[in-house]
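Below are the chains, spelled out letter by letter.
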Amino acid sequence: MGSDSKYHRFHGAGEQANVNNVQRFGYPAISLFTSTKLFTLHHHIDITDAYENVVYRADTKVFTIKDKTDVRTANGQHVSRIERKLISFHEVHYITMANGFGFELSNELLHIYKDVTNIVGLGWQLRGNVFGLNFELYDRDGSVIAVIGQKMLSIHDKYCIDIYKREYEAIVVSILIALQHMIKDRENANSASYSSSNSY
């Protein structure tokens, strides 16, 4: 599935933005891409631009209960810290930006076909399609801020993000990293549940 698909929004570096995104929202101000490095002592995500230059890095400390992740620019400037709430039915993650401003991601429950994540403290909302691997981020006025697409069948958890309001780039990147952790946590929980149900 490439950038011409109306269902899967992922496109690679150097490729045109997804046709469905362009038709609905126009061309993005910037597109960024993530790839998770496997088999490292730290959970590490590189965020690159269209020329595959690293612009942000996210590192998670392993063996920590709160799943603490620090996001930095390529030159090491601190951008944000992301922490998972210990016990929550809403998959809550806290984000604190470098300037001290904080907000949280909290999933709404009982959505069968779509995920709805409220960005508490910003008034934004992240709306996702769990089958199409697509997510759209809207501000409090309902204007699109960014569109996220996940590559299908990729062992490196590759995502692209088309940002329409570049003034929010650092916040959007932090939300994207938190979203990846939320999805991975859910996959791990479902895998553990499946293993447990088949052990009897």
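Model, not experiment: these values are computed from the prediction.

Cut-off values and rules
Residues numbered from 1 in each chain as written. Predicted model: local features only at pLDDT ≥ 70, side-chain atom pairs only at ≥ 80, totals over all residues. Heavy atoms only, no water. Core = buried A, V, L, I, M, F, W, Y, C linked by side-chain atoms within 4.5 Å. Buried < 20%, exposed > 50% of the residue type's maximum accessible area, 1.4 Å probe, protein only. Helix = DSSP H or I, 4+ residues; strand = E, 2+ residues; numbered from the N terminus. Contact = heavy atoms within 4.5 Å. Salt bridge = Lys/Arg side-chain N within 4 Å of Asp/Glu carboxyl O.

## A closer look at the nonpolar core
Formed by 35 residues in total, the largest nonpolar core has its most connected members in F103, I119, L137 and I175. The greatest single-element share of this core, amounting to 10 residues, is contributed by helix α2 (residues 169-197). Beyond its immediate chain neighbours, meaning those up to four positions away, I175 contacts I95, F103, L105, I119, W124, L126 and L137.

## Some details on the pattern of salt bridges
Going through the model one piece at a time under the given rule, you end up with 6 salt bridges. Note that R9 is salt-bridged to E136, the shortest N-O span being 3.0 Å. Of the two residues, R9 is situated in the segment before α1 (19-25) and E136 in strand β10 (residues 134-138); the sequence distance between them amounts to 127 residues. E136 is the partner of R24 in a salt bridge, and the nearest nitrogen-oxygen pair spans 2.7 Å. Here E136 lies in strand β10 and R24 lies in helix α1, a separation of 112 residues in the sequence. Taking the relative accessible area as the measure of exposure, R24 reaches 43% and is therefore partly exposed. Under the relative-accessibility criterion, E136 is labelled buried at 10%. The network of salt bridges with shared partners includes R9, R24 and E136.

## Concerning the environment of F101
Counting through the fold element by element, F101 comes out in the loop between β6 (93-97) and β7 (102-107). Taking relative accessible area as the criterion, F101 reaches 33% and is therefore assigned partly exposed. For the pair F101 and G121, spaced 20 residues apart in the sequence, the C-alpha separation amounts to 9.2 Å.

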